[in-house]
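Descriptive structure summary
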Amino acid sequence: MKLVENFDIKQIEKNVQDDLKDKDISRLIQEDENKKNEIMFIEGPPTMNGIPHAGHLRGRVFKDLWYRYNVLAGNKVIFNAGWDAQGLPVELQAEKELGNENGKSDIRSTEDIEKLVAECKEIVKKYHTKWVEVDKLIGMSLNQEKAYWTYKDEFIEKEWQLMKKAYENGIMTEGFRVVAYCPSCQTSLSHSEVNQGYDMVKDPSLYYKVKLAQEDKFLIVWTTMPFTLVTDAMVGLNPKEEYVEVRVENEIWIVGKTRLEEFMTEVKIENYKIEKTFLGTEMEGKKYIHPLLDEIPKLAEIAKQDNYHITVAENFVDVNAGSGLVHLSPANGEEDNNIAMKRGVTIFCPIDDEVKFTEDAGKYAGLFVRDADEKLVQAVKDRNALVRIGKIKHKYPLCWRCNHRLVWLARREYFYMLDKLGDKAIKAAEDVEYFFDQPKNRFLEIIKEKHPWCISRERFWGCPIPIWKCDECGNMERLFSRKEIVESAIELPDGENFELHRPWIDKIKVKCKKCEAVMQREEFVLDTWHNSGAAPIASLDESTYKEKIPAPFFTEGIDQTRGWAYTLLIENVIYNNAPVSPYKSFLFQGHVLDENGNKMSKSKGNVLDAKELLEKYPVDLVRFYFMWKASPIEPLNFSTKELMSRPYQVISTLYHLHTFYKQNSEYDKFNLQEYTIEWAKKKELLTPPDVWLLSKLQRMIERTTETNDSCRFHESAKAIEDFLINSLSQIYIPIIKSELWDEDDSKKDRRFTIYAILAKTLKAINILIHPFAPFTSQYLYRTIFHGKENILLESWPKVDSSLIDEKVETSFDLLKETVSVTSAARMKGKLKRRWPLNQALICLNKGEKEVLESLSELVKSQMNIQNYKIFEIDNSEGIEQYLELKQNGLPVMPKIELERSAIGPKAKQDMGKLLKIFAETDPELIINELRDNGSYTFQIGDNLVVLDKEDFIVDFEVKEKYQFAKRQNLIVIISLERDNEMMAKGLIKDLARRIQTLRKEKGFNPTDILEKASILELDQESLNLIKDKTDDIAFLIRVKNVDFTESCKNYKDDDIDGLKIRIAVE
RNA sequence: GGGCUCGUAGCUCAGCUUGGCUAGAGCGUUCGACUGAUAAUCGAAAGGCCAUGAGUUCGAAUCUCAUCGGGCCCA
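Quick summary incoming for the structure in this document. (Residues numbered from 1 in each chain as written. Chains lettered and ligands numbered in written order. Predicted model: local features only at pLDDT ≥ 70, side-chain atom pairs only at ≥ 80, totals over all residues. Heavy atoms only, no water.)

**With respect to the overall build of chain A**
Condition: By definition, any uninterrupted DSSP run of H or I lasting at least four residues is a helix, any uninterrupted run of E lasting at least two residues is a strand, and each is numbered from the N terminus. The classification of residues rests on relative accessible area computed with a 1.4 Å probe and restricted to protein chains. Under 20% of the type maximum is buried, over 50% is exposed, and intermediate values are partly exposed. When checking whether two residues touch, look at their non-hydrogen atoms; a contact exists if any pair is within 4.5 Å. Residue burial considers only the protein chains on display, and all accessible areas are found by Shrake-Rupley using a 1.4 Å probe. For this count, His and the chain ends are skipped, Lys and Arg are scored as positive, and Asp and Glu as negative. Throughout, a charge is located at the NZ atom of Lys, the CZ atom of Arg, the CG atom of Asp or the CD atom of Glu.
A count of helical and extended segments in chain A gives 37 helices and 39 strands. Taking the principal axes of the C-alpha coordinates as reference, chain A spans close to 120 × 95 × 50 Å. Per-residue burial for chain A yields a buried fraction of 54% across its 1066 residues. Sequence-distant contacts in chain A: of pairs separated by 6 or more residues, those separated by 24 or more amount to 76%. Only carbon and sulfur atoms are counted for the fraction: they give 45% of the accessible area of chain A, which is about 48000 Å². In chain A, 154 side chains carry a positive charge and 177 a negative one; their mean positions are 1 Å apart.

**Section: the protein's contact with RNA strand B**
Selection criterion: Nearness is defined per residue: one heavy atom within 4 Å of the molecule or strand is enough. Each polar contact in these results corresponds to two N or O atoms within 3.5 Å; when the atoms are within protein, one needs to be able to donate a hydrogen and the other to accept it, and residues that are neighboring in sequence are counted only if both atoms are side-chain atoms. Each residue gets one of three labels, nonpolar for Ala, Val, Leu, Ile, Met, Phe, Trp, Tyr, Cys and Pro, charged for Asp, Glu, Lys and Arg, and polar for the others, Gly among them.
Not every one of the 43 residues close to RNA strand B is listed here, only the nearest: Trp741, Arg834, Gln996, Lys1000 and Leu1036. Across the atoms of RNA strand B situated within 4 Å of the protein, the share located in sugar and phosphate is 73%. A distance of 2.6 Å is found between a phosphate oxygen of RNA strand B and a side-chain nitrogen or oxygen belonging to Gln730. Those elements giving two or more residues to the surface near RNA strand B turn out to be α10 (334–343), α13 (437–449), α22 (646–667), α25 (713–741), α28 (806–829) and α35 (980–1001). No other element matches α22, which puts 8 residues into the surface near RNA strand B. Of the residues contributing to the surface near RNA strand B, the split by class is 10 nonpolar, 14 polar and 19 charged.

**What to know about the side chain of Thr776**
Tracing the sequence through the fold places Thr776 in helix α27 (residues 774–785). Setting aside residues up to four positions removed in sequence, Thr776 forms contacts with Ile9, Ile12, Asp620 and Ile651.

**What about the pattern of salt bridges?**
Just so we agree on the cut-off: We count a salt bridge whenever a side-chain nitrogen from Lys or Arg sits within 4 Å of a carboxyl oxygen from Asp or Glu.
With the rule as written, the count across this model stands at 68 salt bridges. A salt bridge links Glu556 to Lys63; the shortest N-O distance between them is 2.7 Å. You can see Glu556 sitting in strand β24 (residues 554–557) and its partner Lys63 sitting in helix α3 (residues 54–72), a full 493 residues away along the chain. Exposure class is identical for Glu556 and Lys63. Each is buried. A salt bridge links Glu458 to Arg411, with the shortest nitrogen-to-oxygen separation between them at 2.8 Å. In this pair, Glu458 sits in the loop between β18 (456–457) and β19 (467–469) while Arg411 sits in strand β16 (residues 407–416), placing the two residues 47 residues apart along the sequence. Overall, Glu458 belongs to the buried group, its relative accessible area being 17%. Linked through salt bridges whose partners overlap, the residues forming this network are Glu43, Arg60, Lys63, Asp135 and Glu556.

**Quick look at the sheet that holds β19**
This is how it is decided: Between any two strands, pairing holds if DSSP finds at least two bridges.
With respect to topology, 4 strands assemble into an open sheet ordered β20-β19-β22-β21, the strand pairing being antiparallel. Strands with a single pairing partner mark the edges of an open sheet, and in this sheet they are β20 (476–478) and β21 (510–511). Across 3 bridges, β19 lies against β20 in antiparallel orientation. Bridge pairing in β20 links Trp468 to Glu477.

**A look at the packing of aromatic side chains**
Note the cut-off: Each Phe, Tyr or Trp ring, with Trp reduced to its six-membered ring, pairs with another whose centre is within 6.5 Å; inter-plane angles below 30 degrees give stacked pairs, above 60 give edge-to-face pairs, and intermediate values give tilted ones. Whether a charge sits over a ring depends on NZ of Lys or CZ of Arg being within 6 Å of the ring centre and within 35 degrees of the ring normal.
Counting across every chain of the model gives 45 aromatic pairs. Taking the centre distance of 5.5 Å and the plane angle of 85° together, the rings of Tyr545 and Tyr575 count as edge-to-face. One end of the pair, Tyr545, is in helix α17 (residues 542–548); the other, Tyr575, is in helix α18 (residues 561–576), and 30 residues separate them in sequence. Each member of the pair Tyr545 and Tyr575 is classed as buried. Against the face of Phe498 rests Arg482, its NZ or CZ located 5.3 Å from the ring centre. One residue, Lys718, lies across the ring of Trp628, its end atom 5.3 Å from the ring centre.

**Examining the environment of Asn1050**
Secondary-structure assignment places Asn1050 in the loop between β37 (1039–1043) and β38 (1052–1056). Spatially, the C-alpha atom of Asn1050 lies 59 Å from that of Cys711, the residues being 339 residues apart in sequence. Contact partners of Asn1050, with chain neighbours within four places excluded, come to Lys1002, Ile1063 and Ala1064.

Have a look at this one:
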């Protein structure tokens, strides 16, 4: 790899990519004896149903950052890719590609499934290529060859082993789950599909009354789906809301209080009287009599159970709709079903696949459910239970394919009953490090819910559930391995090595051990979250799993709290039947938003394609920017403009510091191996700036290590930025520059010391910044330092506490402050920084004199001043400060004003005269009086106005030929007087700067020594000042001779503060 | 609708636990200066009803409650 001429970060990136193309870094790391611990990373497998965008990149960068940091810190990190191939999104995409407009109902035969599955595999292949491409662009270190795939047979079989544990521990059961179902497509729909199709529809609004069994009172219940009366199981009230008993004619009705009046208007009842008010919670567990039991014998039978047809107090009940009481149909409502599951209530679901009532529905058997609405309303009316039937317009979901109204329907499914885990999952989750409180709290809350997890899906492309059921006797065979299936199969149409997917597995028939009938496989596949959640178990062999899991660090987007993080934990607890998490720590990452803070979405068109982004912008900047801009958990507003500003400056400075080091050290034939900091220390060559820089370096190492460990990557990036820009580039380099300029052989040791320090510092920065900007750091490391083959083989720097020097740091801070204040004073006096000044008078706090004087030479050189004096001052303001300054002999004059709000009441009508007299009075006189007597008396006519200290605002200014600036207690007064010598020096520097610019323009190297320089058209005065000093100029601009006659060929017009000159170099 | 969470300068954040100086820093912006690695750097300036409202208090960015807005998840 060669050093590029100019800083071209894209070119650097390309060179590194090319250079590393054929190199097997992971093998080098594997063989490196400095990398001691072997640790495991488990990739959260992206679903292969789309191309990566900017949001994905942030996650990629976090992972790779962690990898590189840990490798540098001395670990062998197993960093394998992983891909999630299955799941609904892939299947839907395949449907689209195949043109199956009716979704699942288009799949009728084995061949159809086969075609669908083949298409799914195609899609996965296509997107996998895109992802790998982007991974390569961004410099992901993932081992792609060893990637795990969730759809591979070996993965599936291991997942079955996990299911087996769940079954053996009594966690896996059958049950009912309510899904949105399209009666026309005969397909259930996922939540995201449902959310696509809400629209306003008209529905019946039915109020009916049910009598309490033990009291002569009626519950007034509201529903918009009368057919659900068939599957009615409970009536819900909100426990925290108020309800009332009202008398209507000779009946007592129970209604919510919040909407009582609206309700009465709606049902057209004018005369009613509130008899009692109470909280919903008081109504828990009262049996009621369903009005239609005679029509539905099966329901009547179930209703005999104690927990059936009772009132329940549940938070989800909304008192701002209907009557404030709702009936619960676990077969037809999601929330209703959850509550039934929680309370162990029987789920009565007499509805078939065509959404028609079955025989169990008694009188309504055979009817499409929504067609039963009218008949049910009539039946309610016939039994005198009708309060009111009306119409309501509300938002309701429609099928996104056929626009048919969806119904909510309980389907038989498989569940993990998480309450059976006891507190194991909670304990496991509590032991995990989350780095930030916000996601931790939410995650723990979710786990504490212990919601039953429905693991089955009525789909095709997924890990099949290996359970066979006998239709005759209901017996079940659970065959959790290929071996068991093969042994139990009646025949194997695709041989023993059939693919463990639908449709092939569906063809396997098993003989029932109880009744000898032929058993069919339950046509479910697993929830895709089960696949990814099984990753640690299913992607590793058993011994590796035992050895490496729990793994130290997992990370994914914050939306995965309930997703991957959750399923991983639950499945691991199930697998071990113990409170163990598969991860010791989990970092949840905030999402990427567009530059205005809006969510990136296809519909808004603000999605940034990852590949385009990485091809157009420098990858190191993208990576650095992602980590540097925001805290990991916060959302990040992504702006390419911002990306190209500060991050560019940081990386650019890093590059240029390297070229600076290279140019100078090569000129001196510096040998990095021979001359080290230890060597310099031994020879006592370190100056205060060196000590200071090394001390700062230690602090930065300490800080970055600490913040990387706690996932405060943004702080880590900022610590590097701060050191690089504010310490190294801004302070150290300008100080040592002049020392490097002096080529005398006797100063060689000093120059070598500087090179050694620069080399050590730059090398350390390269390593520290490597996880953030891998390309530039690898590039600079290789081209400038010719180190190991890959910077990853280096070791993370350790803090060397012998190099920390707090005293020097304090002195430097004071120096920086003093120089800064001096510059401000120069600004006021219009004195350029390169003009030397005669004298500075510096006022400091008590005790600081010594601190600053320890850097005496630097004070002069950095302030560009020939001598200085330091005064320690006690007072920071007012008359006391002025007096102290004066007492010290400083060239100050008092500046005095009246405190108007204070003197108003004292002077009253004499205010005008007072101001006039005050303006004419010598300030010094007032000060002296105040000092001696504590007050000053003005005589205004016959009146005496006595003003004390508080009535004056006293400040100071400096005498003529001085200028000053102050910041808090730091005051710098500079003398404006310059003699010829100083004027000459200033002029020389002015000239030198211009000639140096010209040198650069002409393309000379800084280290080249040129023949001559020529300066024309200087005025006589200036010429007199400098004509004897050509040697000084020659030294500054690296030429052999300087003259003032027209001796060169090409001259450039230039000017110094408006003075026209012509200059040339050859 | 529910849960968690965030809201301080254009941006990124500090300060909040334990109430008390004129609410700080860096970046960005504008103007000026410097520059021999630099799109670096230095100086100055502009920029804040600390989301809003109420309460507690002598005193609130800080404690309490409510509201509004953003994010994620769940409905």
